[in-house]
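Residues per chain, in single letters:
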Amino acid sequence: MDRLQIDLCLEVARELRAAAEETRQTLQASHDFVRRSHEQSAAGPPAGCKDDDLGPSNQLVTSLIEAYEAAEDDPDTQTRLLLGHVLHHVGRRIAGVMGPRAAGIAVH
């Protein structure tokens, strides 16, 4: 291998490491969100929450996170993207039910 190829390999390795770290942080945030959701569910429905829309179930959220994590090993990027979009949609539903303050998110 010449020096140019070595440099290219090192750059690719750095980018992969950065992408892996970003994924790790996203998954950690998702796990934290599910944990807070479990805690909130144990405490009962949030004040002012409409009875007809309590948001997605904890089982659904946990299953989607597990599916997203499992898809990391799948070579099909469309599967990972689709699961990412589904998680985003479900996260927005949760946010609509509980609001940012209950989720521990500072809003300025």
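The structure this text deals with has already been given above.
Reading the values: the criteria
- Residues numbered from 1 in each chain as written.
- Predicted model: local features only at pLDDT ≥ 70, side-chain atom pairs only at ≥ 80, totals over all residues.
- Heavy atoms only, no water.
- 1 Å grid on protein atoms, 1.4 Å probe; cavity = no way out; pocket = protein on both sides within 12 Å on 5 of 7 lines; lining within 4 Å.
- Points joined across faces, edges and corners; volume = space filled by probe spheres on them.
- Helix = DSSP H or I, 4+ residues; strand = E, 2+ residues; numbered from the N terminus.
- Nonpolar A, V, L, I, M, F, W, Y, C, P; charged D, E, K, R; others polar.
- Salt bridge = Lys/Arg side-chain N within 4 Å of Asp/Glu carboxyl O.
- Core = buried A, V, L, I, M, F, W, Y, C linked by side-chain atoms within 4.5 Å.
- Buried < 20%, exposed > 50% of the residue type's maximum accessible area, 1.4 Å probe, protein only.
- Contact = heavy atoms within 4.5 Å.

Enquirer: Any chance you could break down the layout of surface pockets for me, citing the residues and the numbers?
Expert: Sizing a probe to match a water molecule and rolling it over the atoms shows the empty space that remains. What the largest pocket holds in volume is close to 520 Å³. What lines the largest pocket is a set of 22 residues, among which Thr26, Ser30, Tyr68, Gly84 and Leu87 lie closest to the centre. Here the lining of the largest pocket gets 10 residues from one element, more than from any other, and that element is helix 3 (residues 77-102). Of the residues that constitute the lining of the largest pocket, the class distribution is 12 nonpolar, eight polar and two charged.

Enquirer: Requested: an account of the pattern of salt bridges, with residues and values cited.
Expert: Side-chain pairs of opposite charge can arise whenever the charged atoms involved come near each other. As enumerated under the stated definition, the model contains three salt bridges in all. Close ionic contact of Asp7 with Arg3 constitutes a salt bridge, the shortest N to O distance being 3.4 Å. Pair noted here: Asp7 and Arg3 are both in helix 1 (residues 3-43), with a separation of four residues, about one helical turn. Among the ionic pairs, Arg14 bridges to Glu11, the shortest N-O distance being 3.4 Å. One end of the pair is Arg14 and the other is Glu11, both in helix 1 and three residues apart, which spans about a single turn.

Enquirer: How would you summarise the nonpolar core if you had to cite specific residues and measurements?
Expert: In this structure, Phe33, Val34, Val61, Leu64, Ile65, Leu87, Val90, Ile94 and Met98 together form the largest nonpolar core, which totals nine residues. Of all the secondary structure elements, the ones that give two or more residues to this core are helix 1, helix 2 (58-71) and helix 3. With four residues, helix 3 is the single largest residue contributor to this core. Not counting the four nearest positions on each side in its chain, Leu87 is found in contact with Leu64, Ile65 and Tyr68.

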